Structure formats: C-alpha cells, structure tokens
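# Inside the fold
In case you want the letters, here they are:
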Amino acid sequence: MTEDERARHGRYYLERDRRLFLVICVLVRAVLSCYHPAILPAQWRFAEGERGKPFIAGPSGAPAISFNLSNTPGLVVCAVSLAHPSLGVDAESLARSGETVSIADHYFSAREARALRALPPEQQRERFFSYWTLKESYIKARGLGLALPLEQFTFLLDEGPDIGITFDPRLADDPARWRFALHKTATGHLVAVGADTAGAPLSLRAAEYVPLRGVAAAPVGCR
C-alpha cells in the first residue's frame, strides 16, 4: 500500500473494516496485474474523481484500463474493462435484511415500482435487488453518484432477452449506448455491471478470484 492508503487503513475503527480495506487493496492490484503482468501489483497507483470514483493514476505509461469496485457482506467485486471507460458495478446479498418492496416508491421510477408489485410475492425481493444494483451500476459508471436522481431512469427487465433502460429527458442520455448484465452468484449475491459501450454488445466473464491464490473457479457467463 501507499503511505496514503496505510493512513486510511489506520483510521478505520473496526477490525472488520480494516480487513475489508486490505482485501480491496490486494484484490484490485492483483486483478489489474493479471491483465498487465509487466506491472507489479505494488506499482499501481490510484486517484479519485470529484465524486469519489477511483481511476488508475500510475505508474507512468500504464495502459488504458477501467475498473470499478463494490463490496457487500461476504463479497468484494472488481469489474475491469479494456474497452469501455464508463464502467460501473454493484453487488448486494439477497439475504440482506431491511425493507425492500415497501420502499420501492422512494427509489424507483413509477414504471419499475409497478412492474415490481405485479410479480408474485416470492419473486419481488430478488427483483428489488435487480433494480437496485442495476441503478447503482449506472450511476457509478457515470461517476456522478446520487447527483443522478434514481427515479429519472428506468430499467426494463421483462421486454426481451437484454436488459433495457430508458431515460427521463432531463438526463440527456442515450439508452442505445448502454449495456447491462446481472449475475447471481452461488453465494446468494446479485452483481450488476453497466457500461457505455456506444451500442456494442457487452461480453462478460465472471470468475471467483482469491488474492495470492488466483482464480479459484472457472469463468462463467452472465445474463
């Protein structure tokens, strides 16, 4: 870790938070070096955008590569792309406690809330987290955080094999540019990835990676 990262690690009060920070630091460096073995894990340097989105700041001459991170109890995810600079990822545990369907009207568009409540009750919780993670993947790809109102874009999950999106005119975005995917892990987590591909297909591989051990499970496809 850099000196700044060591200082940040030391500011965490809880041991679990310190361990999580270490896991994230190791994971992102190890994964990036899988794509560019000439750069050692310890050589990567990072900075953050105005709203906290991390990006690669070094070493000098590092190739163009985009990444995004998400963590939830039991899982840390690192998404990497060599082709798409606007990339976002989010993950949630389907076993997460707390309100879900009852708060849909506060966070989703009216169309999403209606589609959610039209499902059988046993399917509503997973659909809630599908919308939630997809929305987070989009706002993280944009790098603007909650400055983007969640109700001003709508995900379409029942209108074809691909995941569609529509935008309120106030967002001034083009849905044809975006591609999204959902992946449900064997551990009961839902992972959403979003990227501005300029309309090109989004091809994903997902693999379990254990830092210092490498890939622990063969890559699998994503929806």
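I will try to describe carefully the structure that is included in this document. (Residues numbered from 1 in each chain as written. Predicted model: local features only at pLDDT ≥ 70, side-chain atom pairs only at ≥ 80, totals over all residues. Heavy atoms only, no water.)

### Brief notes about the pairing of strand β5 (residues 87-93)
Quick reminder of the rule: For the exposure calls, accessible area comes from a 1.4 Å probe over protein chains only, and a residue counts as buried if that area is under 20% of its type's maximum, exposed if over 50%, partly exposed in between. Comment: elements are numbered from the N terminus, with helices defined as DSSP H or I runs of at least four residues and strands as E runs of at least two. Criterion used throughout: strands pair if DSSP finds at least two bridges between them.
A large share of β5 lies buried, amounting to seven of its seven residues. Judged by which residues are buried, β5 turns out to be covered on both faces: L87, V89, A91 and S93 on one side and G88, D90 and E92 on the other are all buried. As defined by bridge partners, β5 adjoins strand β9 (residues 189-196) across seven bridges and the pair is classed as antiparallel. Paired with L87 across the bridge in β9 is A195.

### Focus on the nonpolar core
The criterion, for reference: By convention a nonpolar core is built from buried Ala, Val, Leu, Ile, Met, Phe, Trp, Tyr and Cys residues, the set being connected through side-chain atoms within 4.5 Å. Throughout, a residue-residue contact means that at least one pair of heavy atoms, one from each residue, lies within 4.5 Å.
Ranked by internal contacts, the top residues of the largest apolar core, which has 27 residues, are L134, Y138, F153, F155, I165 and F180. Counting only elements with at least two residues in this core, the list comes to α5 (121-142), β6 (153-156), β7 (164-167), β8 (178-184) and β9. Beyond its immediate sequence surroundings of up to four residues, F153 is in contact with S109, E112, K135, Y138, I139, I165, T166, F167 and L171. The next biggest cluster of nonpolar side chains, apart from the first, holds 13 residues, and it includes I24, V28, V31 and W44.

### Structural notes on the packing of helix α4 (residues 110-117) against α5
Our working rule: In this analysis an axis means a line fitted to C-alpha atoms, helices contributing only their contacting stretch, and an angle means the value between N-to-C directions, from 0 to 180 degrees. Roughly parallel covers angles under 35 degrees, roughly antiparallel covers those over 145, roughly perpendicular covers 65 to 115, and oblique covers all other angles. Three classes are used, and their members are as follows: Ala, Val, Leu, Ile, Met, Phe, Trp, Tyr, Cys and Pro are nonpolar, Asp, Glu, Lys and Arg are charged, and the others, Gly among them, are polar.
Taken N-terminus to C-terminus, the directions of α4 and α5 make an angle of 155 degrees; their axes are 9 Å apart at the nearest point. Taken as axis vectors, α4 and α5 run roughly antiparallel relative to one another. On the side of α4, the interface is formed by E112, A115, L116 and R117, while α5 contributes Q124, R127, F128, Y131 and K135. Classifying every residue of the contact of α4 with α5 by side-chain character gives four nonpolar, one polar and four charged.

### Comments concerning the side chain of T154
Just so we agree on the cut-off: Throughout this description, a polar contact denotes any pair of N or O atoms lying within 3.5 Å of each other; where both atoms belong to protein, one of them has to be capable of donating a hydrogen while the other can accept it, and for residues adjacent in sequence the pair is counted only when both atoms sit in side chains.
Assignment of secondary structure puts T154 in strand β6. Engagement of the side chain of T154 in a polar contact is seen with the side chain of S109, the distance being 2.8 Å. Contacts of T154, omitting those with residues within four sequence positions, involve S109, R111, E112, G164, I165 and T166.

### As for the pattern of salt bridges
Put simply, the test is: For this analysis, a salt bridge means a side-chain nitrogen from Lys or Arg found within 4 Å of a carboxyl oxygen belonging to Asp or Glu.
Across all of its chains, the model carries twelve salt bridges by this definition. The partner of R29 in a salt bridge is E5, with the nearest N and O atoms 3.0 Å apart. In this pair, R29 sits in helix α2 (residues 15-35) while E5 sits in helix α1 (residues 3-11), placing the two residues 24 residues apart along the sequence. Exposure class is identical for R29 and E5. Each is buried. For the salt bridge of R8 with E48, the shortest nitrogen-to-oxygen distance reads 3.9 Å.

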